[in-house]
Amino acid sequence: FTTSCNKHNEINIDVFNQVLSYRNIGLAKIEDELFSDAARAFNSFIELAPLEASGYANLGWSYLQSPGKLDSAKIMLLRAVELSPNNSDILYLTAKMYELTGRSDKAKEVLINLLKNRSDHILSLYQLSEYYQKTAEKNDRQKSEELLKNICLSSNQKLFLKIPTLNLRILSQIIQRN
């Protein structure tokens, strides 16, 4: 087991199994919308593997969905980014945190930078297209259409299916025009 920050801290199999168990419990609790239980599991994960970015990211994700925990989410997600600065999923969650804290410009900046290195990250393509759709500028609407086209061309079809129906209609219109 190595950490995502590439420091290669080795742990024994028992600790690895505990970390894995806490991760699975935490993810299951998020699925069941038991966010405080998820947070407890991810805190236990972090105690055992303090240099593993995914523990902080998942704890931040739990806090993003918990009322009154945006400040805690920010702390955890920024720690995750510090440990794994090129992880697209962590950067996406960080952008969502900025959006939820009223910093949409910072969220857009994170997504734009993420897509410079990982142009096939569907969730980021979709989120950035949503930001561009909300503006009145014609250039931004064109950017939104281009991002949605990139989603259509993406090879990650599982995530493509998660896009809301309204945008699927927009995508089909774009495809028909081209």
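Parameters at a glance
- Residues numbered from 1 in each chain as written.
- Predicted model: local features only at pLDDT ≥ 70, side-chain atom pairs only at ≥ 80, totals over all residues.
- Heavy atoms only, no water.
- Helix = DSSP H or I, 4+ residues; strand = E, 2+ residues; numbered from the N terminus.
- Buried < 20%, exposed > 50% of the residue type's maximum accessible area, 1.4 Å probe, protein only.
- Contact = heavy atoms within 4.5 Å.
- Areas by Shrake-Rupley, 256 points an atom, 1.4 Å probe, with all protein chains shown as cover.
- Polar contact = N/O pair within 3.5 Å; in protein donor to acceptor, adjacent residues only side chain to side chain.
- Salt bridge = Lys/Arg side-chain N within 4 Å of Asp/Glu carboxyl O.
- Expected span 1.5 Å × (residues − 1).
- Arc of directions from axis to C-beta.

Details of the overall build of the protein chain
Looking only at helices and strands, the protein chain features 10 helices and 0 strands. Along the protein chain, helices (α) and strands (β) appear in the sequence α-α-α-α-α-α-α-α-α-α when read from the amino end. Out of the 178 residues in the protein chain, the part that is buried amounts to 39%. Contacts in the protein chain between residues at least 24 apart in sequence constitute 43% of all its contacts with a sequence separation of at least 6. In the structure as shown, the protein chain presents an accessible area of about 10,300 Å², 50% of it carried by carbon and sulfur atoms.

Notes on the environment of T101
Examined against the element boundaries, T101 turns out to sit in the loop between α5 (88–100) and α6 (104–117). A relative accessible area of 34% means that T101 is categorised as partly exposed. Within the structure, the side chain of T101 is placed 3.1 Å from the backbone oxygen of Y98, a separation counted as a polar contact.

Comments concerning the pattern of salt bridges
Considering all chains together, one arrives at 4 salt bridges under this definition. Between K96 and E99 there is a salt bridge, and its shortest N-O distance comes to 3.0 Å. Of the two residues, K96 and E99 both sit in helix α5, 3 residues apart, roughly one turn of that helix. With relative accessibility at 21%, the residue K96 sits in the partly exposed group. With a shortest N-O distance of 3.4 Å, E109 and K106 are connected by a salt bridge. Of this pair, E109 and K106 both sit in helix α6, 3 residues apart, which is roughly one turn of that helix.

Digging into helix α4 (residues 70–83)
Between its first and last C-alpha, α4 extends 20 Å over 14 residues, near the 20 Å set by a 1.5 Å rise per residue. Among the residues making up α4, those that are buried are A73, M76, L77, A80, V81 and L83. Looking straight down α4, one finds that the buried residues subtend no more than 160 degrees of arc, so they occupy a single side. With respect to the buried face of α4, the exposed residues turned more than 90 degrees away are D71, I75 and E82. Along its buried surface, α4 packs onto α3 (53–64) and α5.

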